[in-house]
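Residue-level listing of the chains:
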Protein chains: 2
Amino acid sequence: MREVVIIGSGQTPVGEHWGKSLRHLGHDAIMAAMKDADISRPDALYVGNMLSGQLAGQEHLGALLADFVGLRGIEAMKVEAACGSGGAAVRVGVMAVASALADIVVVCGIEKMTDTGAAETTSGLATAADQEYEVSQGISFVGLNALLMRRYMHEYNVPDKAFAGFSINAHANGVNNPNAMFRSPISEAAYLRAGMICDPINLMDSSPVCDGAACVVLAAADRFPGRAKARVLASAVATDSLAVHDRDEPLFLRAAAESSRRAYAQARVMPNDIDLFEVHDAFSIMAALSLEAAGFAPQGAGWQLAADGEIGIAGRVPISTMGGLKARGHPVGATGVYQVVEVVQQLTGQAGANQVKGATIGMAQNIGGSGATVVTHILGAV
Amino acid sequence: MREVVIIGSGQTPVGEHWGKSLRHLGHDAIMAAMKDADISRPDALYVGNMLSGQLAGQEHLGALLADFVGLRGIEAMKVEAACGSGGAAVRVGVMAVASALADIVVVCGIEKMTDTGAAETTSGLATAADQEYEVSQGISFVGLNALLMRRYMHEYNVPDKAFAGFSINAHANGVNNPNAMFRSPISEAAYLRAGMICDPINLMDSSPVCDGAACVVLAAADRFPGRAKARVLASAVATDSLAVHDRDEPLFLRAAAESSRRAYAQARVMPNDIDLFEVHDAFSIMAALSLEAAGFAPQGAGWQLAADGEIGIAGRVPISTMGGLKARGHPVGATGVYQVVEVVQQLTGQAGANQVKGATIGMAQNIGGSGATVVTHILGAV
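Definitions and limits used
- Residues numbered from 1 in each chain as written.
- Chains lettered and ligands numbered in written order.
- Predicted model: local features only at pLDDT ≥ 70, side-chain atom pairs only at ≥ 80, totals over all residues.
- Heavy atoms only, no water.
- Helix = DSSP H or I, 4+ residues; strand = E, 2+ residues; numbered from the N terminus.
- Rg over C-alpha atoms; globule rule 2.2 N^0.38 Å.
- Buried < 20%, exposed > 50% of the residue type's maximum accessible area, 1.4 Å probe, protein only.
- Contact = heavy atoms within 4.5 Å.
- Areas by Shrake-Rupley, 256 points an atom, 1.4 Å probe, with all protein chains shown as cover.
- Polar contact = N/O pair within 3.5 Å; in protein donor to acceptor, adjacent residues only side chain to side chain.
- Least-squares fit on C-alpha atoms with pLDDT ≥ 70 in both.
- Expected span 1.5 Å × (residues − 1).
- Arc of directions from axis to C-beta.
- Pairing = 2+ DSSP bridges.
- Buried area = accessible area lost by both parts, 1.4 Å probe.
- Salt bridge = Lys/Arg side-chain N within 4 Å of Asp/Glu carboxyl O.
- Nonpolar A, V, L, I, M, F, W, Y, C, P; charged D, E, K, R; others polar.
- Phe/Tyr/Trp six-rings, centres within 6.5 Å; stacked < 30°, edge-to-face > 60°.
- Lys NZ or Arg CZ within 6 Å of the ring centre and 35° of its normal.
- pLDDT = per-residue confidence, 0-100.

K.L.:
Please explain the overall build of chain A as it appears in this structure.
P.N.:
Counting secondary structure elements, chain A contains 13 helices and 11 strands. Scaling as 2.2 N^0.38, a compact globule of 382 residues should have a C-alpha radius of gyration of about 21 Å, and chain A matches this with 19 Å. Taken along the three principal axes of its C-alpha coordinates, chain A extends 55 × 45 × 40 Å. The buried share of chain A, taken over its 382 residues, is 69%. Contacts in chain A between residues far apart in sequence, at least 24 positions, make up 78% of those at least 6 positions apart. Of the accessible surface of chain A, which amounts to about 11,900 Å², a share of 51% is contributed by carbon and sulfur atoms.

K.L.:
What is the right way to read the side chain of N366 of chain A from this model?
P.N.:
Residue and element names in this part refer to chain A. Here N366 lies in strand 10 (residues 361–368). The class of N366 is buried, set by a relative accessible area of 1%. Side chain to side chain, N366 and H280 meet in a polar contact 3.2 Å long. In this view, N366 contacts C83, G84, S85, G86, G87, H280, T335, G336, Q339, T373, V374 and V375; residues no more than four positions away in its chain are not counted.

K.L.:
I tried to follow helix 7 (residues 164–174) of chain A on my own but got confused; where do I start?
P.N.:
Think of an α-helix as turning once every 3.6 residues; residues three or four places apart then point the same way. Residue and element names in this part refer to chain A. In terms of burial, helix 7 is a largely internal element, nine of the 11 residues being buried. Of all the residues in helix 7, the buried ones are A164, G165, F166, S167, N169, A170, H171, N173 and G174. Against helix 8 (188–192), helix 10 (284–293), helix 11 (302–307) and helix 12 (324–327) lie the buried residues of helix 7.

K.L.:
I tried to follow the relation of the copies chain A and chain B on my own but got confused; where do I start?
P.N.:
Mapping chain A onto chain B is achieved by rotating through 180 degrees and translating by 0.0 Å along the same axis, at an RMSD of 0.0 Å. Such a turn and shift between the copies fits a two-fold axis. Measuring from the rotation axis to each C-alpha of chain A, the shortest distance belongs to S99 of chain A, at 1.8 Å. Most of the interface of chain A is mirrored in chain B, where 100% of its interface residues again form contacts.

K.L.:
Just checking my understanding: could you explain helix 1 (residues 22–37) of chain B for this structure?
P.N.:
Residues and elements named next belong to chain B. In a regular helix each residue adds 1.5 Å, so 16 residues correspond to 22 Å; helix 1 covers 23 Å between its end C-alpha atoms and thus fits that length. If you check which residues of helix 1 are buried, you get L22, R23, L25, G26, A29, I30, A33, M34 and A37. Angular distribution of buried residues about the axis of helix 1 spans 160 degrees; they occupy a single face of the element. Structurally, helix 1 contributes buried residues whose contacts are with strand 1 (4–11), strand 2 (44–48), helix 2 (52–56), helix 3 (61–68), strand 4 (104–112) and strand 7 (211–220). Once helix 1 finishes, D38 follows within two positions and takes phi at roughly 60 degrees, a positive value.

K.L.:
I would appreciate a short explanation of the pairing of strand 4 of chain B in the present structure.
P.N.:
Within a regular beta strand, the side chains point alternately toward one face of the sheet and then the other, so they alternate between its two faces. All names here are of chain B. Of all nine residues that make up strand 4, nine are buried, and the element is covered over most of its length. Of the two faces of strand 4, both are covered, the one formed by I104, V106, C108, I110 and K112 as well as the one formed by V105, V107, G109 and E111. Taken together, the five bridges between strand 2 and strand 4 define a ladder with parallel strand orientation. Directly across from G48, in strand 4, lies its bridge partner G109. Sheet topology note: the strand 4/strand 7 ladder contains nine bridges and is antiparallel. Note that in strand 7 the partner of V106 across the bridge is V217.

K.L.:
Would you mind showing me how to read the interface of chain A and chain B here?
P.N.:
Many structure descriptions define interface size as the accessible area lost when the parts assemble. Every contact between the two is made by 59 residues of chain A and, on the other side, 60 residues of chain B. At the boundary of chain A with chain B, total buried surface from both sides reaches about 4,700 Å², with 52% on carbon and sulfur atoms. Inspection of the region where chain A meets chain B yields 10 salt bridges. We note a salt bridge from R72 of chain B to D246 of chain A, for which the minimum N-O separation is 3.2 Å. For the pair chain A and chain B, the interface holds 34 residue pairs in polar contact (both at pLDDT 80 or more). For the side of chain A that touches chain B, the secondary-structure elements that each account for two or more residues are helix 2 (52–56), helix 3 (61–68), strand 3 (75–80), helix 4 (85–98) and strand 8 (230–239) of chain A. Of the residues forming the side of chain A that touches chain B, the biggest block, seven residues, is contributed by helix 4 of chain A. Its residues assigned to classes, the side of chain A that touches chain B comprises 30 nonpolar, 15 polar and 14 charged. Sheet topology places strand 3 of chain A next to strand 3 (residues 75–80) of chain B; three bridges connect them, and they run antiparallel. Bridge pairing in strand 3 of chain B places V79 of chain A opposite V79 of chain B.

K.L.:
How do you make sense of the environment of T335 of chain A when you look at a structure like this?
P.N.:
Note on placement: T335 of chain A falls in helix 13 (residues 332–347). A C-alpha to C-alpha distance of 8.0 Å links T335 of chain A and I110 of chain A, two positions 225 residues apart in sequence.

K.L.:
Quick question: what am I supposed to make of the packing of aromatic side chains here?
P.N.:
The description of an aromatic ring pair uses the distance of the two centres, along with the angle that the planes make with each other. Under the counting rule described, the total for this entry stands at nine aromatic pairs over all chains. Look at Y152 of chain B and Y156 of chain B: their rings are 4.8 Å apart centre to centre, the planes differ by 75 degrees, and that puts the pair in the edge-to-face class. Placement of both Y152 of chain B and Y156 of chain B in helix 6 (residues 141–156) is noted, with a separation of four residues, approximately one turn of the helix. What makes Y156 of chain B partly exposed here is its relative accessible area of 28%. Sitting above the plane of the F68 of chain A ring, R23 of chain A keeps its charged end 5.8 Å from the centroid. When the ring centre of Y133 of chain B is taken as reference, the NZ or CZ atom of R23 of chain A above it lies at 4.1 Å.

K.L.:
Would you take a moment to explain the confidence of the model for chain A for this structure?
P.N.:
Note that predicted coordinates carrying low pLDDT should not be read in detail. For chain A, the average pLDDT comes to 97, and 100% of its residues sit at 70 or higher. Here the prediction assigns the complex a pTM of 0.98, and the interface score ipTM is 0.98.

K.L.:
Would you mind showing me how to read the pattern of salt bridges here?
P.N.:
When the charged atoms of two side chains with opposite charge come close together, those side chains can pair. Throughout the structure, instances matching the rule amount to 48 salt bridges over all chains. Among the ionic pairs, D240 of chain A bridges to R247 of chain A, the shortest N-O distance being 3.6 Å. By relative accessible area, R247 of chain A is classed as buried at 6%. For the salt bridge of E3 of chain B with R231 of chain B, the shortest nitrogen-to-oxygen distance reads 2.9 Å. One end of the pair, E3 of chain B, is in the segment before strand 1; the other, R231 of chain B, is in strand 8 (residues 230–239), with 228 residues separating them in the sequence. Here R231 of chain B falls in the partly exposed class, since its relative accessible area comes to 35%.

So this is what it looks like as structure tokens:
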């Protein structure tokens, strides 16, 4: 297998982009990444996206975006794994370069969720869950996560404010990220008085509905000597049942554990070798469960890393270093690529005030559904 | 790059499967393919699908199908390129094995189009076209193809029945395929009196709305010695603008020409080395344009291959040998995989009454939109 490196990246700010359509949002991120990589024509474009068909009446984003950015003719396609679509697209890009079927590819994660009403967006997001076994019973995607969080609080007897630290950390880091949707710090008091979305998930436990696009340029190391910004040390995907009730242990993200294990084996590292970890904190319960599944805390103790301040930039396990899904925002199909872009920022010392000092190995983990698809990438500094 | 071979395949009959949901349809094809390949657990499942989010309220088919067929845990994701989704998923499977990131993978193309009303299905299919530049003007996907066919008839001054041969050939071949949706032969008279769908496209020029799932099992040749049923000689994708009006020559499928050229170069063959060609005859105009773009006829003369009987099983360029999209049926995201399965049937002498004698090289070309994404695979006999 050829060594795969990242030679460029780009992103749009995350927010409510009412003045831009999908193609314009994709254009901005793709052109930024190609400029950063100093390339003019990649071999292929892989697009991570979940909802364009349902919310914009537009499938076929691969060819659409390739054409709109002036790359008519190149290979292109869309990859979908619910909220894990961006990570899955990175995975396809890695395979394309590693196979030598391509030398250089662009991966673009993109989502536009704010052009439709809340009911349509909520219905769209519920297509990540099992339509026949879960959604038909009337539950929403937030509802599923609320059940998990309630169960966690019950099983492990955690205090009411157990999850506050995740939101506080994400917002603190978002302050310094010009591309983050929310750039205001929050206090524990603000967390505790936040309105309930779906008990026990409050507004501060939940990532926002938003728009955004992010890109990385992947290349064969031997074809682009001296151009690498980061090395791809591992790429792994694992799955679990969509339906949460169909798992032996709903509070154990088995796919996250397996995806992490495969990634650690490929990269030949252990959790304590990871200098920063971009977790999929779509809801704060997911951050806790991810930390546990990936081996950073025992089951039932993930929340304590947040409570003890271990997840901060200078902590033992810095997570959501640029704001995470909570504060940078969660344009669902784009998120997995944003995470990888942020790991590259950290490994190249471009993370500004949020720089994790001496970071040489970073991990990004993107989750589809309530843990049904988990994509893990580990990157190393050059 | 590792050599990639096909070691098994499976398919459901194409038709109106009102008694089965997406997961059951996928189950039937995946289990058939795994049994045919004599494997119990692949490394990954790549699902080609276009419309499940819009028509079934179900995205995230990769993990869903992996779980339902007993493969919980394996890598899985969905690949989308409109009606070219199946071919694109095969492409991802080839990259996975070629890269050595997987040794054996299952590719499943699946679509269920008959559970919704005609308006929803028509709207769904239109998401293959450019929503902002084409669909917003009120045109449907059939309408776009009707414009192309009308223009072709005008430019090349072809007779009214120029396209009859494509439909007659497809139906003749469908008769002998137990998995085909339509198994009745049609006459030229029947073609000429067929009702208009969208002038000049009549009922017999148009592939049906239907359900189906097809699978191939791809493996690394060196890991499965003696198990190959066919060799993957080439895998290529090229794109064009989604919007037909935005092309210099709307009657030239530039992406099909480029995708074919890349595939011929990889396989080191010329068009006259191809023993059979599974074309994307979603509409008969597409069959004519595909034959021209792939180098089997000069521009404006593709229809003559049909008129002259050259496309039959014993002809110079056998196409749609198991019924094609017209008679086997066109469950859109599944079609590209059906085509590959049928090439394998031909190369292994399993095509029954439709066997192309001595076939050693076969090509499958899957088209997304009106030529915006074109996926070409060339397979060789073992």
